[in-house]
Amino acid sequence: MTRAVPFLVLLAAAAASPAAAQDNPDRKVVRVEVRPAELRLAVGQRATVEIVALDAEGNPVPGAFIQAFANGAEASFDLATYQVEGMVPGKTTVVGRVRRPTSEGPGFENFYGVADVYVSPRPVTRVEITRARKPLFAGTRSRVEAVAYSDAGPRDDVRPVWWSSDSGVVAVGSDGSVRAHMAGRATLTADVEGVDASVEVEVVANPVQRLVVTPANGGGRVGDVLRFNATALDGRGDAVTAAEVDWTWRATEEQGSGTGWLEAEGDHDAAFVAYAPGRYRVTASVGGAWTDAEVIVTPRPDRRTVELIGHGVVPGGHSTSDFWVFEGRDGRDYAY
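In what follows, the accompanying structure is described.

About the thresholds
Residues numbered from 1 in each chain as written. Predicted model: local features only at pLDDT ≥ 70, side-chain atom pairs only at ≥ 80, totals over all residues. Heavy atoms only, no water. Pairing = 2+ DSSP bridges. Helix = DSSP H or I, 4+ residues; strand = E, 2+ residues; numbered from the N terminus. Axes fitted to C-alpha atoms, helices over the stretch in contact; angles between N-to-C directions. Buried < 20%, exposed > 50% of the residue type's maximum accessible area, 1.4 Å probe, protein only. Polar contact = N/O pair within 3.5 Å; in protein donor to acceptor, adjacent residues only side chain to side chain. Patch = residues over 30% accessible without salt bridge, like charges linked within 9 Å, V, L, I, M, F, W, Y side chains within 5 Å. Areas by Shrake-Rupley, 256 points an atom, 1.4 Å probe, with all protein chains shown as cover. Salt bridge = Lys/Arg side-chain N within 4 Å of Asp/Glu carboxyl O. Contact = heavy atoms within 4.5 Å.

As a general point, the strands of a sheet are linked pairwise by backbone hydrogen bonds and lie either parallel or antiparallel. Here we have 4 strands laid out as an open sheet, ordered β20-β26-β25-β22, and mixed in their pairing. In the strand order of this sheet, the two ends are held by β20 (217–221) and β22 (246–251), each with one partner. Adjacent strand axes in the sheet meet at a mean angle of 25° when their direction is disregarded.

Below, the structure is given as structure tokens:
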């Protein structure tokens with residue numbers, strides 16, 4: 001082992017000698033080109049590029065060390081084959097680079113070649129209607145939804161165009177909103193890039209006569225999630241489980257229109273959040289039948305200083321961790 005050390009040192013010195021450095025082909029490079037300079041691919045389509053390092057006379061430099069990559073998620077690049085594959089619609093670039101050693105002292109100069117890559121979605125091959133309530137009750141609102149597919153999977157970048165065969169029975173908006181007007185049948189059609197799918201819907205007389213909302217009078221603090229349930233009843237007092245409840249809200253004082261949020265959860269439930277204290281009204285309706293729930297929202301307690309009572313090390317080499325604040329069963333706020 002003692003004799004090998006001088007030999008290794010000699011090899012390293014020879015590799016770093018001026019003569020060896022001058023033989024580095026990267027020193028001759030003044031330009032890098034990616035050919036062709038523009039690619040247009042569909043998702044899943046592949047093409048091969050050529051990346052060339054050139055000298056001052058425009059001649060290829062044999063042996064130049066070229067680094068290459070795709071500069072975005074829209075395309076992938078295989079360094080072994082120089083194949084580019086479209087991944088998601090959009091624009092990206094394929095980049096080739098040579099790092100040429102500087103003529104004086106340590107350091108490098110970078111020379112880049114770039115090709116633009118435009119990735120387009122694959123054409124729609126089928127449309128599937130994923131939501132359409134049957135039957136609909138006259139005078140009520142609902143929604144229809146559809147998904148377009150290419151041979152590579154769902155197309156999330158397109159929206160269907162809807163129309164109804166009889167808008168007097170049931171009308172459909174461009175966003176898939178449905179309004180049932182009168183008893184009868186109609187066909188709703190979704191079209192995406194000339195490919196369509198249809199569903200027949202039936203409108204029947206609305207059996208709902210009244211609704212019961214629970215709780216009828218709600219309350220909480222600003223930011224609390226208040227949940228409501230509505231039961232639709234017919235003239236005999238029996239539950240109409242097929243009813244789809246439409247939920248709305250409004251402020252009954254001067255809070256303003258942007259001080260609340262409401263979202264339906266299934267056919268009969270809703271969640272409401274108030275961003276400002278005051279009185280609100282949450283309304284459930286099925287056609288001409290409706291009822292209100294009155295809500296009183298109070299301010300949250302004043303902000304308090306967080307008192308540090310201890311600390312610990314997060315295991316596993318993580319540099320940080322989440323800080324969770326929640327309301328306990330006793331009504332107090334906790335954090336961990």
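In spatial order, the strands read β19-β21-β24-β23; together these 4 strands make up an open sheet with antiparallel pairing. The sheet is open, and its two borders are formed by β19 (210–214) and β23 (260–265), each paired with just one other strand. Geometrically, the sheet is characterised by an average inter-axis angle of 25° between neighbouring strands, direction not taken into account. Two elements, strand β21 (residues 225–233) and strand β24 (residues 269–274), share 5 bridges in a ladder whose sense is antiparallel. Counted as the bridge partner of Leu226 is Phe272 from β24.

Sheet topology note: the strand β11 (residues 136–137)/strand β18 (residues 195–204) ladder contains 2 bridges and is parallel. Among the inter-strand pairings, Phe137 is bridged to a residue of β18, identified as Val204.

This part is about the environment of Glu265. Residue position: Glu265 is located in strand β23. The exposure class assigned to Glu265 is partly exposed, which follows from its relative accessible area of 31%. In sequence terms Glu265 and Arg227 are 38 residues apart; their C-alpha atoms lie 9.4 Å from each other. Among the polar contacts listed, one links the side chain of Glu265 to the side chain of Arg227, at a separation of 2.8 Å.

Before going further, it helps to spend a moment on a nonpolar patch on the surface. Side chains of Trp324, Phe326, Tyr334 and Tyr336 sit close together on the surface and give an oily, nonpolar patch of about 480 Å² of accessible area. Mapping Tyr336 onto the fold places it in the segment after β28 (333–335).

Looking now at the environment of Ala64. Relative to the helices and strands, Ala64 resides in the loop between β4 (50–54) and β5 (67–70). For the pair Ala64 and Val29, spaced 35 residues apart in sequence, the C-alpha to C-alpha distance is 7.7 Å. Every residue in contact with Ala64, bar those within four places of it in the chain, is listed here: Pro25, Asp26, Val29 and Ala53.

Secondary-structure assignment places Arg31 in strand β1 (residues 31–35). By relative accessible area, Arg31 is classed as partly exposed at 35%. Sequence separation between Arg31 and Val98 is 67 residues, and the spatial gap between their C-alpha atoms is 8.5 Å. Contacts of Arg31, omitting those with residues within four sequence positions, involve Val52, Ala53, Leu54, Gly58 and Phe111. There is a polar contact of 3.2 Å between the side chain of Arg31 and the side chain of Glu33.

With that settled, the discussion passes to the pattern of salt bridges. Counted according to the given criterion, the structure contains 23 salt bridges. Residue Glu265 pairs with Arg227 through a salt bridge whose shortest N-O separation is 2.8 Å. Here Glu265 is found in strand β23, whereas its partner Arg227 is found in strand β21, with 38 residues between them in sequence. Among the ionic pairs, Asp238 bridges to Arg236, the shortest N-O distance being 3.6 Å. Of the residues examined, Asp238 reaches a relative accessible area of 38% and is grouped as partly exposed. Each of Arg131, Arg133, Glu145, Glu244 and Asp267 takes part in salt bridges that share partners, so that together they form one network.

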